[in-house]
Amino acid sequence: MAQHKVNYTQDGGLPVALTSIDKIVNWGRSNSLWALTYGLACCGIEMMASGASRFDFDRFGTIFRASPRQADVMIVAGTLTKKHAEFIKRLYDQMTEPRWVISMGSCANTGGMFNTYATVQGCDRIIPVDLYLPGCAPRPETLQYGVMLLQKKIRANKAGNAQKAKRLM
Amino acid sequence: MRAYKPKDNVQAKAYYTDRFYVAPQVPKTAVEEDAVFAADLAAIKAKFAVKEAYIQVEQMVIYINACDIYGVLELMRDELAYTQLSEMSAIDWLAKDNSFEIFYQMLSMTKRKRIRVKYFIQKGEAVDSVEKLFRSADWSEREMFDMFGIEANNHPFMKRILMPYDWEGYPLLKSYPLEGDEFAAWYEVDKIYGKEARDIIGPELRDTARVDSYDSERFARLGHEVPKGTKITGDEPAVSQSYQEEDGVFLIKKLDKESSVIIDDPQR
């Protein structure tokens, strides 16, 4: 049997980390933010670049999932048209709680340059948004910084409480 | 030329284009100048009435009667080798004389010529579908119905193609406002949450050029970010970029900016 030498004088004396339930749960949640594959327009290209090897979302634990049932965060990447509005609501409702929404880019924030009859003027008219990213389109660095801000937001909240109702209605 | 209009308030009012503006026409020439077009026109005139014909920008334009369209296109496809319907749609002349102008852009690959077939219909009239002749007319006629409300008789699936099936109004009419009418403004709210939610969600904020430093709803506070809806007092401290909490994160090594390496060469 292998003999492992434990240095009891290191790290306060014991190979044990003490923490609270809140911290360990939030640590798990914030470092495995699985994102819904939801590229609606050109912002989706930047979102794909964030997931690919150069920017490497995997090191944040952010892995894109093709099903809302497996996703924690919905990144609304692109123009939300009025025809599609009912489906963003349906996909949001299909995600399991706790769930978060990042509105990525000008179109998802405010409708952007599409000041027309066919574009929803901001996806927060349909679903509650946690984080707005400016840009047209935002660079992958912006999206990654946004995910890190969302991680901070998750860690700042108490994990034990049920997520506050964020629905508009 | 277009009449001058003052544009000193351009940022607040984005659209100054006169939607009823009619562009000046480029010169027209007689059909006889082109032997191929003259022969084509003679072949069409032998069977159908042609109201007007001329050459414009090396393309022949002919005006026919609305009831003849299927026969003319069949003749052009089978006997005159105009085998492609490049596009077709309508032009809104409702403000001028309550009519639509329907055009069919035909292409002959062997002759290397294009002919535009046109006719007028009154508002409310339907056109004859040419979907049996050209498969491309299937979606084009659906789009014409979607955008102008012109129905095509004998079409196999006369439904909207771009807008949702339950949409009201025809967006490409010149009388349709670009930012949508009352129905369009509340379409998604009415459909998802119901009419009673209008007061809660509120009207659309359409002025995307608006910049207001006291506005925490419209994302105009870069570097001074606050949670949405916060009452702005004006003396918020600037937000410095920080990737982690100051006192560290459980089980995660704290980012040390001093000791981290910045790679300058993007090609490395």
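## Quick look at a nonpolar patch on the surface
Among the surface-exposed residues, A:I21, A:I24, A:V25, A:W27 and B:L251 lie close enough to one another that they form a single nonpolar patch of about 440 Å² accessible area. Along the polypeptide, B:L251 turns up in the segment after α7 (198-201).

## Observations concerning the confidence of the model for chain A
Mean pLDDT over chain A works out to 86, with 85% of the residues at or above the 70 mark. Per-residue pLDDT, averaged within each element of chain A, yields its smallest value for strand β5 (residues 131-133) of chain A (88) and its largest for strand β3 (residues 73-77) of chain A (95).

## Re the pattern of salt bridges
Under the criterion given, the structure shown has 24 salt bridges over all chains. A salt bridge links B:D78 to B:R77, with the shortest nitrogen-to-oxygen separation between them at 3.0 Å. Several salt bridges share partner residues, and in doing so they unite A:K82, A:R125, B:E188, B:E204 and B:R206 into one network.

## Here's the deal with the pairing of strand β1 (residues 50-56) of chain B
Residues and elements named next belong to chain B. Across six bridges, the pairing between β1 and strand β2 (residues 59-64) is antiparallel. Looking at the pairing, Q56 lines up with Q59 of β2. In sequence, β1 turns back onto β2 through a hairpin of two residues, with V57 there showing a positive phi of about 50°.

## Some remarks on the side chain of B:K118
Position of B:K118 among the secondary structure elements: in strand β5 (residues 113-122). With a relative accessible area of 10%, B:K118 lands in the buried category.

## Observations regarding the sheet that holds strand β4 (residues 99-108) of chain B
All names here are of chain B. Here five strands make up an open sheet; going across it, the order is β1-β2-β5-β4-β3 and the pairing mixed. The open sheet is flanked by β1 and β3 (84-93), the only strands paired with a single partner. Across the sheet, the mean angle from the axis of one strand to that of its neighbour is 20°, orientation sign disregarded. Summarising the sheet, β2 and β5 pair through four bridges and their orientation is parallel. The partner of M60 across the bridge, within β5, is I115. Across the sheet, helix α2 (residues 69-78) is in contact with β2, β4 and β5; its angle to β5 comes to roughly 175°. Lying over the sheet, helix α4 (residues 136-148) contacts β3 and β4, oriented at roughly 10° with respect to β3.

## Focus on the sheet that holds β3(A)
All names here are of chain A. Sheet architecture is open: five strands sit in the order β2-β1-β3-β4-β5, paired in parallel fashion. This sheet does not close on itself; its edge strands, each paired only once, are β2 (64-65) and β5. Across three bridges, strand β4 (residues 100-104) lies against β5 in parallel orientation. Counterpart to S103 in the pairing with β5 is Y132. Along the sheet face, helix α2 (residues 43-51) touches β2, β3 and β4 and points at about 135° away from the line of β3. Contacting β1 (35-36), β3 and β4, helix α3 (residues 85-94) crosses the sheet at an angle of about 160° to β3.

## Re the nonpolar core
All names here are of chain B. Of all hydrophobic cores here, the largest spans 46 residues; its most connected members are I62, L73, M76, I102, Y104, V117 and I150. Elements represented by at least two residues in this core include exactly α1 (35-47), β1, β2, α2, β3, β4, β5 and α4. At five residues, the largest contribution of residues to this core is made by α2. Every residue in contact with I62, bar those within four places of it in the chain, is listed here: L41, I44, V50, E52, A53, I115, R116, V117 and K118.

## Topic: the interface of chain B and chain A
Accessible area lost on assembly of the parts is the figure often given for the size of an interface. Across the contact, 44 residues belong to chain B and 34 residues belong to chain A. Across the chain B to chain A interface the summed buried area is about 3,500 Å²; carbon plus sulfur atoms make up 61%. Applying the counting criterion to the chain B and chain A interface returns five salt bridges. At the junction of chain B and chain A, the tally comes to 13 residue pairs in polar contact (both at pLDDT 80 or more). Secondary structure elements with two or more residues in the side of chain B that touches chain A: α5 (182-185), α6 (187-192) and α7 of chain B. A per-element tally of the side of chain B that touches chain A places α6(B) first, with five residues. Looking at the side of chain B that touches chain A residue by residue, the class counts come to 30 nonpolar, six polar and eight charged.

## Details of α2(A)
Three or four residues apart is the spacing at which side chains of an α-helix point the same way, because the helix has 3.6 residues per turn. All names here are of chain A. Listed as buried for α2 are C43, G44, M47 and S50. Projection of α2 onto a plane perpendicular to its axis shows the buried side chains occupying an angular sector of 110°, all on one side. Exposed and oriented more than 90 degrees from the buried face of α2 are I45 and M48. Lining the buried residues of α2 we find β2, β3, β4, α4 (105-110) and α5 (140-156).

## Quick word on the packing of helix α1 (residues 21-30) of chain A against α5(A)
In a pair of packed helices, the angle between the axes and the distance between the axes together describe the arrangement. Residues and elements named next belong to chain A. The N-to-C vectors of α1 and α5 enclose an angle of 160°; their axes lie 9 Å apart at closest approach. What the angle tells us is that α1 and α5 run roughly antiparallel. Our pair here, α1 against α5, has a crossing hand that is right-handed. Residue-level contacts link N26, R29 and S30 of α1 to Q151, I154 and R155 of α5.

Reading the values: the criteria
- Residues numbered from 1 in each chain as written.
- Chains lettered and ligands numbered in written order.
- Predicted model: local features only at pLDDT ≥ 70, side-chain atom pairs only at ≥ 80, totals over all residues.
- Heavy atoms only, no water.
- Patch = residues over 30% accessible without salt bridge, like charges linked within 9 Å, V, L, I, M, F, W, Y side chains within 5 Å.
- Areas by Shrake-Rupley, 256 points an atom, 1.4 Å probe, with all protein chains shown as cover.
- Salt bridge = Lys/Arg side-chain N within 4 Å of Asp/Glu carboxyl O.
- Helix = DSSP H or I, 4+ residues; strand = E, 2+ residues; numbered from the N terminus.
- pLDDT = per-residue confidence, 0-100.
- Pairing = 2+ DSSP bridges.
- Buried < 20%, exposed > 50% of the residue type's maximum accessible area, 1.4 Å probe, protein only.
- Axes fitted to C-alpha atoms, helices over the stretch in contact; angles between N-to-C directions.
- Contact = heavy atoms within 4.5 Å.
- Core = buried A, V, L, I, M, F, W, Y, C linked by side-chain atoms within 4.5 Å.
- Buried area = accessible area lost by both parts, 1.4 Å probe.
- Polar contact = N/O pair within 3.5 Å; in protein donor to acceptor, adjacent residues only side chain to side chain.
- Nonpolar A, V, L, I, M, F, W, Y, C, P; charged D, E, K, R; others polar.
- Arc of directions from axis to C-beta.
- Parallel < 35°, antiparallel > 145°, perpendicular 65-115°, else oblique.
- Left-handed = near helix turned anticlockwise from the far one by under 90°.

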